[in-house]
Amino acid sequence: MENPYIMNIKYKFRKVLLFTLLISSLMLQISAQSLQNLATSFQEPPNEYRPCVWWHWLGSNFRKEGITKDLEAMKGAGIGGATIFNIASSVQNSHAPIENNPWPHQTYRSEAYWDAFKHTLAEAKRLDMQIGLHGTPGYATTGGPWITEERAMQTIVMRKVQTTGNRLVEVLLEKPELPIYVGFESRHPDNPTIGQRRATYYRDIAVMAVPAKEGATVNDVIDISACMDANGLLKWQAPTGNWNICRIGHAPTMANPHPLPDDIIGKTLEVDKMSREHNVYHWQQVLNPLKERFKEYFGTTFTYIWIDSYESGDQDWTPLFREEFIIRKGYDPLPWIALRQFANEEDAAIKHFAKDYKEVVSRLFIDNGWQVAKEMIHEAGLQFYWEPYWGPFNTKECIAIPDIPIDEFWTGGSGRISPLIPLGARDAGKKIVAAEAFTGSPELSCYTEDPAFLKPTADGGFVSGINWLFLHHWVHQPFDDQYQPGMGMGWWGTHFSRYQTWLKPGKAFFTYLARCQMLLQQGGLTAFESRNVLHRSMPEAELFFVINPSAVKQTKPVAFPVKNRIPELWDANKGSIRQTQNWKAAGDSIYIDLKLEANESVFVVFPKSNQCNYSNLRLPPVDVISETAVNMDEKWTVLFQPKLAPPFQRKFTALTDFSKNSDTAIKYFAGTASYTKTIHISASDIKKGKRIAVDLGELHDIAELEVNGEHAGVLWYPPYKADITPWLKSGNNTLTVHVTNNWANRLIGDEQYPADFEWGADRGAEGRAMKAFPDWFIKQQPRPEQGRKGFSIWYYFRPDSQLYPAGLLGPVRLIKQNVSGFEF
């Protein structure tokens, strides 16, 4: 008979094994359920994953009706929220206000402003949208009209005098010359002195004497502060030798936030970034008025404070700097500050001091500036979003401070960011890395932008670690809808707006961004793989985001470092999940032959469980066995729906570029042109194993397909090709292609007519400003020049500007395919 002790051990072992298997099975089921939830949401991602926008309110130009229309348009387009920036009525390098604004009484933080802000929060709550606010007027950095020169960023200023020793030196040390801020942000294009002020505040720090000899050391420096009276008269019994006397003080740098709302230009300063006292005061001024008025929205609708990238210049002093430096470094910096004025910067001791000084500045920026911001924003019940770079502080350390760290990418490049912020966020346990996305300079963003142009930069941002986009910019449109394209952020782009021509079909692009962001916010960042692959690991799956950044179609084997899994292809453009047969396992990797069109992307997902119950959402792999094509370039009926004129209809015998048409209504068209024709389909062409696609060839700039009156998808980047089989029937079918182009040609057409307003600054190739809102606009009278249709405050084009291709150019082909594995 078996030993009872052994039997008991075996019994307990079986119980543990059974329990382990049960837990393992349960975890797999939970994992499968979580992935199933993702798959179910993939078509229409929840609001939390949607892109948001920077919502610029320009000076006093805001209105409740426009606020409601803006928010409703955002919601309808698939935008999840907005960050309010209060900036100048017009912007170039910085504030460059437009004159004759219609509501000058609506100043920054006036009762009209607070009323509009409350309306914003109420409407956002109704629409289930999130609102944030930039923490200072302007877009950089931290300050306001409540910051006096005493509370402002400080810099060392110095008056130097040479003298001889071995005598009683009596000399009047004049105050040092005080700063004028000369950062580019302070310069107005017409008048460089606008926004510039010379400092008036000054405080002494010390008077130091430095021997005027080679090889002087810090031990030779003498503090003679006690020898100078309040009027600057120095009486000092100087030792033998020649001496450099330094009256050292501090004064405000006069750095100002920018670009400021018009009424506070010249009245606003950046806060001292290294003083805890002054930063506490600053954030009290930012947050207390908001809490007093809108506490009911805090943490629900009004959820965060944003700080943009650092653009405030250097700061090298604060009133307690000497004490802070001694605590951190164990020696007095003042003798070194004086000695450094006359020493060789390559001297080892001087270099060591410079390094210590830089470290203390960084430490005070962080401890007394950014940490204070986080503490007080959190105490108010809000989150802290921050772009922690470009300043005199340690960016790597700062990444851990905000709730959401942020980087930025501009249009025209790859969209890729440095791995510093994504990797730093990962190390700090942060899942989300946001981006100021699609900031555009005037040569690239001149109302010519469209989703096809933006996609490569978006994908570049995603593949380098970004997973939440805040689109730059969506400018508030307060005026009547007849004034389009309306307000813009001066010459800067990109022009997202409720007046953007392609906003409605552009929802497909915004939804693509949301789908990408939903998947890229799952799990944790594992690695940036070679060949344009980003890897994230989730409890329920391994996820890879793969892009083809080239301008040509590519088919390449891609190795994925997983094994014993079956891959799935999640297409964020179509919202589809598809199996693939083009893979094989080898060693510790799975190789997939990925076929990606130019600038196409795909998520390759390897579920950890075979119990994922979303087979109804998973499409089988499809192979095209053969195909034939029929050209459809001839005989289209085209309904033109201009943005700013009544619709009209034309018959086209062939597809042509609108910009080459002799009819000016077509040549300078901006809006949506709906191409319609009848196509005949045989019953044998739509049976199982058959598929029919339409290839639109070349078009500008985005197309929405309609088959037999039903929406059949949006084509927003090439190749403009889509399967239309599910909407077809045997017999005659009506195919409509709604093609929307951008604003550019209409705006060029306007320049063929005289301006009915006064021109302001002319920046050459970058465009021209409207100097002032014209009186006919203010008085709501008919415009004098009826040939001009568009209305904006910045004009990129001239009468001889080259027109842009527009419309459906084709060739349009109906493609009949024999396929395997196809299901509707």
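For the structure, see preceding data.
So, here is what we can say about the structure in this document. (Residues numbered from 1 in each chain as written. Predicted model: local features only at pLDDT ≥ 70, side-chain atom pairs only at ≥ 80, totals over all residues. Heavy atoms only, no water.)

### Some thoughts on the packing of helix H2 (residues 64-77) against helix H3 (residues 111-127)
Here comes step 1: With their axes 10 Å apart at the nearest point, H2 and H3 run at an angle of 30° to one another. Relative to H3, H2 is oriented roughly parallel. When the axes of H2 and H3 are compared, the crossing they make is right-handed. The segment H2 lies against H3, with Lys 64, Ile 67, Thr 68, Leu 71, Glu 72 and Lys 75 engaging Asp 115, Ala 116, His 119, Thr 120, Glu 123, Ala 124, Arg 126 and Leu 127.
Here comes step 2: Looking at the contact of H2 with H3, its residues break down into five nonpolar, three polar and six charged. (Axes fitted to C-alpha atoms, helices over the stretch in contact; angles between N-to-C directions. Helix = DSSP H or I, 4+ residues; strand = E, 2+ residues; numbered from the N terminus. Parallel < 35°, antiparallel > 145°, perpendicular 65-115°, else oblique. Left-handed = near helix turned anticlockwise from the far one by under 90°. Contact = heavy atoms within 4.5 Å. Nonpolar A, V, L, I, M, F, W, Y, C, P; charged D, E, K, R; others polar.)

### Regarding the packing of helix H10 (residues 451-463) against helix H11 (residues 507-520)
Here comes step 1: The contact between H10 and H11 brings their axes to 11 Å, and the two run at 10°. Considering their axes alone, H10 and H11 lie roughly parallel with respect to each other. On the side of H10, the interface is formed by Pro 451, Leu 454, Lys 455, Ala 458, Asp 459 and Phe 462, while H11 contributes Phe 509, Tyr 512, Leu 513, Cys 516, Gln 517 and Leu 520.
Here comes step 2: Residue composition of the contact of H10 with H11, grouped by class: nine nonpolar, one polar and two charged.

### Topic: the sheet that holds strand S37 (residues 731-740)
Here comes step 1: Taken in spatial order, the six strands make up an open sheet running S30-S29-S31-S37-S34-S35, and their pairing is antiparallel. Each edge of the open sheet is held by one strand with a lone partner, namely strand S30 (648-652) and strand S35 (710-715). The average undirected angle you get between the axes of adjacent strands in this sheet is 25°.
Here comes step 2: Strand direction decides the pairing type here: strand S29 (residues 636-642) and strand S31 (residues 671-681), joined by six bridges, are antiparallel. Looking across to S31, one finds that Leu 639 is bridged to Ser 674. (Pairing = 2+ DSSP bridges.)

### Let's talk about the packing of aromatic side chains
Here comes step 1: What the rule picks out here adds up to 82 aromatic pairs.
Here comes step 2: Summarising the aromatic geometry, the rings of Phe 438 and Phe 496 are spaced 6.0 Å apart at their centres and angled 55° between planes, so their arrangement reads as tilted. On the criterion of sequence distance, the pair formed by Phe 438 in strand S15 (residues 434-439) and Phe 496 in the loop between strand S17 (485-486) and H11 is long-range, its members being 58 residues apart.
Here comes step 3: What makes Phe 438 buried here is its relative accessible area of 0%.
Here comes step 4: Judged by relative accessible area, Phe 496 falls into the buried class, the value being 2%.
Here comes step 5: Of the aromatic side chains, those joined through ring pairs into one cluster are Trp 55, Trp 57, Phe 62, Tyr 108, Tyr 113, Trp 114, Phe 117, Phe 294, Phe 298 and Phe 302.
Here comes step 6: Between Arg 151 and the ring centre of Tyr 281, over which it is positioned, the NZ or CZ distance is 3.7 Å.
Here comes step 7: Over the ring of Trp 759 we find Arg 768; its NZ or CZ atom is 3.7 Å from the centre of that ring. (Phe/Tyr/Trp six-rings, centres within 6.5 Å; stacked < 30°, edge-to-face > 60°. Buried < 20%, exposed > 50% of the residue type's maximum accessible area, 1.4 Å probe, protein only. Lys NZ or Arg CZ within 6 Å of the ring centre and 35° of its normal.)

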